Amino acid sequence: MEILLHLFIGIPLLGFILSLFIPAQKENTIARLTIFTIGLHLMLGFIFAGYWLYLNHPTVNIKDIIVYQKDDYEFFIDFCFDKITAVYLLVGSILSFLVTIYCSYYLHREEGYKRFFNTILFFFSGYNLVIFSGNFETLFIGWEILGISSFLLISFYRERYLPVKNALKVFSIYRLGDIGLILAMWMSHHLWHENITFLKLSNNEFVHEHLDSHTLVGVFISLMILIAAAAKSAQLPFSSWLPRAMEGPTPSSAIFYGSLSVHIGVFLLLRTFPFWENQDSIRWVIGGLGGLTALLASGVARVQSSVKSQIAYSSIVQIGIIFIEAAAGFEKLALFHFAGNAFLRTYQLLVSPSVVTYLIREQFYNFVPRNETIEDSFPRKLQNTFYLLSLKEWNLDQLMYRFLWSPIKWMGNKLDFLTLKSLTYSFIITYLGAVALLIWTNLPEYWEGKLAILFGFIAVSMVFKSFTERHNPQVAWFLIVMNHFWITLAVSFNEKFTLEQVALYLSGVIISGAFGSAALFRLKQQAGELSLDHFQGHSFAHPKIALFFLLCCLGLTGFPITPTFVGEDIVFTHIHENQLLLAALASISFIVDGLSIVRIYARVFLGPHIKTTYEMAHRSS
């Protein structure tokens, strides 16, 4: 039975790899392969679930692959199957199968037909990794795949301005959620002193024994899990990303942002419920957040002029209620609610183009005046205030920009004097000096800690400058490479990195950085000046360079399971549980460098081609 779990991961992954080798002109072959892959996965899911129920639904756990092991640290892949996985498996497979059949007709003769089905299978692979994950590391691998595939699906119409811009917005919110998950993983390593599995978390005595003497640590981990779940499931204050995700094709909006991807935050809460179920304060916070989100999003949904945006906010309302159910401990009700909401939103989004036609006809021939609502009993001033705030989506975008992105841009703009030449020389001199200080001197522990914080701040300033760079993409790229080197140095002063660990981490950084820099240099030779001030759309004229550079981006950002990804995980094992500032600096640098990398790729290769001139919309509905 345990061996069969590998098929749920292997089938979509194999289908994705095979789809890459099918020529773009053979639409039928691409569609049939995708439908067969997901159909086989669905059939296997029903057979496995039936057999699992026959065996009295035991919890199945497999410690599968040890990726890296050193002393007391072990990075391994773990798979788990229980009733939560079973529900997400069957719902995900059924909806993916139906929508894939729909896509084979809906996207006929679309220029990106093959690219869409490639991304669908890639997403489905990540989705299965998440729902079958048995520990945080395995979940994070699938989590990252969901993030990058969502970016690619939203920016599917890559020749348009708005889809690419909104894809960047959505990805930025996803990366904020990654901070929560990374810090939760970091602190849980120090709490358990091992790579904890979700199966072990279900042992109430074991969890209570540890949390009894580490109450604040438990609260911190739970809050970080909540931040990750809220960002992925579009709860406050991250709700505004979901309507922006609807810029992609309608089928991808239906299957991912109406049903599957948007419910992954709920999955994370249900999977970690045994950990925070005895923390009453956390349960109140989760329930309160879900209730507030449901209240505010219901008002926003009612004033939307777009059908897809209205459905998006309606889905947010229901997920807020599911958060309340999870916080109250109603696991079965939350799973049932998830399945119902997923099927309903998928159906609504797939028929949304027809609904618009029907509503227009109804307005002309069967107009019915609006019925009175509860708001009509409010004072007129309160009605107008609530209406305007809902119309402006409670200014969530402006709040995020003012309190998050503006400080980053302000700090990055202070380093505008840096050029590629000055960066190279200053980096070589200061870095070699710091390495010499580390190797040949024996500093007191106090000063080593201070230098670790200093180098952490330097690393963060590098990625902030890269994120705000408006001119030279090569400067932005080099700054990201420098960030990884400074983080390595910061952690080495904090707790000595072994040479093997440094080589593992920086090997991925150096290789990806060198090849990515070569790709930018080659593109500059062929296309002329490159800039980050606007979208340039070079993927149209240089698709091979665009694909090659995308692979370099994945390698540099720590995409699973690259050497950079494993190295970043090792970094946090060398940061102690009382060093929250250093952990925050490391996590912020990793998150912002991912944003900066995707921004470079989007600005250089996506959007309207730099030589095309036509009117573009600057705001979405």
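Residues numbered from 1 in each chain as written. Predicted model: local features only at pLDDT ≥ 70, side-chain atom pairs only at ≥ 80, totals over all residues. Heavy atoms only, no water.

1. A few points about the environment of Ser19
Inspection of the secondary structure puts Ser19 in helix H1 (residues 5-20). Classification of Ser19 by relative accessible area gives buried; the value is 0%. The spatial distance from the C-alpha of Ser19 to the C-alpha of Leu532 is 32 Å, given a sequence separation of 513 residues. In this structure, Ser19 is in contact with Leu33, Lys114, Asn118 and Leu121, ignoring residues within four places of it in sequence. Within polar-contact distance, the side chain of Ser19 engages the backbone oxygen of Phe16 at 2.6 Å. (Helix = DSSP H or I, 4+ residues; strand = E, 2+ residues; numbered from the N terminus. Buried < 20%, exposed > 50% of the residue type's maximum accessible area, 1.4 Å probe, protein only. Contact = heavy atoms within 4.5 Å. Polar contact = N/O pair within 3.5 Å; in protein donor to acceptor, adjacent residues only side chain to side chain.)

2. Things to note about the nonpolar core
If you look at the biggest cluster of nonpolar residues, it comprises 213 residues, and the most contacted ones within it are Tyr127, Phe151, Trp241 and Tyr257. For this core, the element with the highest residue contribution is helix H6 (residues 161-192), accounting for 20 residues. When near neighbours in sequence (up to four residues on either side) are disregarded, Trp241 contacts Val170, Ile173, Tyr174, Ala231, Lys232, Ala234 and Tyr257. (Core = buried A, V, L, I, M, F, W, Y, C linked by side-chain atoms within 4.5 Å.)

3. So, the environment of Gly594
Along the polypeptide, Gly594 turns up in helix H26 (residues 580-605). Looking at Gly594, the relative accessible area reads 0%, which means it is buried. Put simply, Gly594 and Phe267 are 327 residues apart on the chain and 24 Å apart in space, counted from C-alpha to C-alpha. Ignoring any residue separated from it by four or fewer positions in sequence, one finds Gly594 in contact with Phe171, Arg175 and Thr557.

4. Some details on the packing of aromatic side chains
The final tally for this structure, using the stated rule, is 31 aromatic pairs. Considering the side-chain rings of Tyr102 and Tyr106, the 5.4 Å spacing of their centres and the 20° angle between planes classify their relative orientation as stacked. One end of the pair, Tyr102, and the other, Tyr106, are both in helix H3 (residues 83-106), four residues apart, so they sit about a helical turn from each other. Seen from their ring centres, Phe386 and Trp394 are 5.9 Å apart, and the 70° between their planes marks the pair as edge-to-face. The partly exposed category is assigned to Phe386, whose relative accessible area is 27%. The residue whose ring lies beneath Lys63 is Phe76, and the NZ or CZ to ring-centre distance is 4.7 Å. (Phe/Tyr/Trp six-rings, centres within 6.5 Å; stacked < 30°, edge-to-face > 60°. Lys NZ or Arg CZ within 6 Å of the ring centre and 35° of its normal.)

5. Concerning the pattern of salt bridges
The full count for this structure, using the stated rule, is seven salt bridges. The salt bridge involving Lys465 is made with Glu469; its shortest N-O contact spans 3.0 Å. Like Glu469, Lys465 is buried. For Asp533, the salt bridge identified is with Arg470, shortest N-O distance 3.1 Å. One end of the pair, Asp533, is in the loop between helix H23 (499-527) and helix H24 (543-556); the other, Arg470, is in the loop between helix H21 (445-468) and helix H22 (473-494), and 63 residues separate them in sequence. The class for Asp533 is partly exposed, based on a relative accessible area of 39%. Shared partners join several salt bridges into a network, and the residues in it are Glu144, Arg175 and Asp178. (Salt bridge = Lys/Arg side-chain N within 4 Å of Asp/Glu carboxyl O.)

6. Observations regarding helix H19 (residues 396-413)
The first and last C-alpha atoms of H19 sit 24 Å apart over 18 residues, in line with the 26 Å expected at 1.5 Å per residue. At Trp405, H19 shows its strongest bend, of approximately 40°, with the proline Pro407 following within four residues. Restricting attention to buried positions, one finds in H19 the residues Leu396, Met400, Trp405, Ile408 and Gly412. Contact partners of the buried residues in H19: H6, H21 and H26. (Expected span 1.5 Å × (residues − 1). Bend = angle between axes of the 7 residues up to and from the residue.)

7. Details of the packing of helix H11 (residues 250-260) against helix H16 (residues 331-350)
Two numbers describe how H11 lies on H16: the axes approach to 8 Å, and their chain directions differ by 160°. By the criterion of interaxial angle, the relationship of H11 to H16 is roughly antiparallel. Crossing of H11 over H16 shows right-handed handedness. On the side of H11, the interface is formed by Thr250, Pro251, Ser253, Ala254, Gly258 and Ser259, while H16 contributes Phe338, Asn341, Ala342, Arg345, Thr346, Leu349 and Leu350. (Axes fitted to C-alpha atoms, helices over the stretch in contact; angles between N-to-C directions. Parallel < 35°, antiparallel > 145°, perpendicular 65-115°, else oblique. Left-handed = near helix turned anticlockwise from the far one by under 90°.)

8. Description of the state of the cysteines
All told, the structure shown has zero disulfides when counted by the stated rule. Note on Cys552: no disulfide assigned, nearest cysteine sulfur contributed by Cys553 at a separation of 7.0 Å. Of the residues examined, Cys552 reaches a relative accessible area of 6% and is grouped as buried. (Disulfide = S-S within 2.5 Å.)

9. Regarding the packing of H1 against helix H2 (residues 27-54)
Remark: H1 packs on H2, axes separated minimally by 9 Å, with the N-to-C direction vectors making an angle of 175°. On the basis of the axis angle, H1 is roughly antiparallel to H2. Contacts between H1 and H2 involve Leu5, Leu7, Phe8, Ile11, Pro12, Gly15, Leu18 and Ser19 from the former and Leu33, Thr37, Leu40, His41, Leu44, Gly45 and Phe48 from the latter. In terms of residue class, the contact of H1 with H2 is made up of 10 nonpolar, five polar and no charged. (Nonpolar A, V, L, I, M, F, W, Y, C, P; charged D, E, K, R; others polar.)

10. Examining the confidence of the model for the protein chain
For the protein chain, the mean per-residue pLDDT works out to 84, and 94% of the residues sit at or above 70. Across the protein chain, the secondary-structure element scoring lowest on mean pLDDT is helix H17 (residues 352-365), at 66, and the one scoring highest is helix H12 (residues 264-271), at 92. Note on residues 617-621: pLDDT under 50 across the span, and 12 contacts to partners over four residues away in sequence or across chains. (pLDDT = per-residue confidence, 0-100.)

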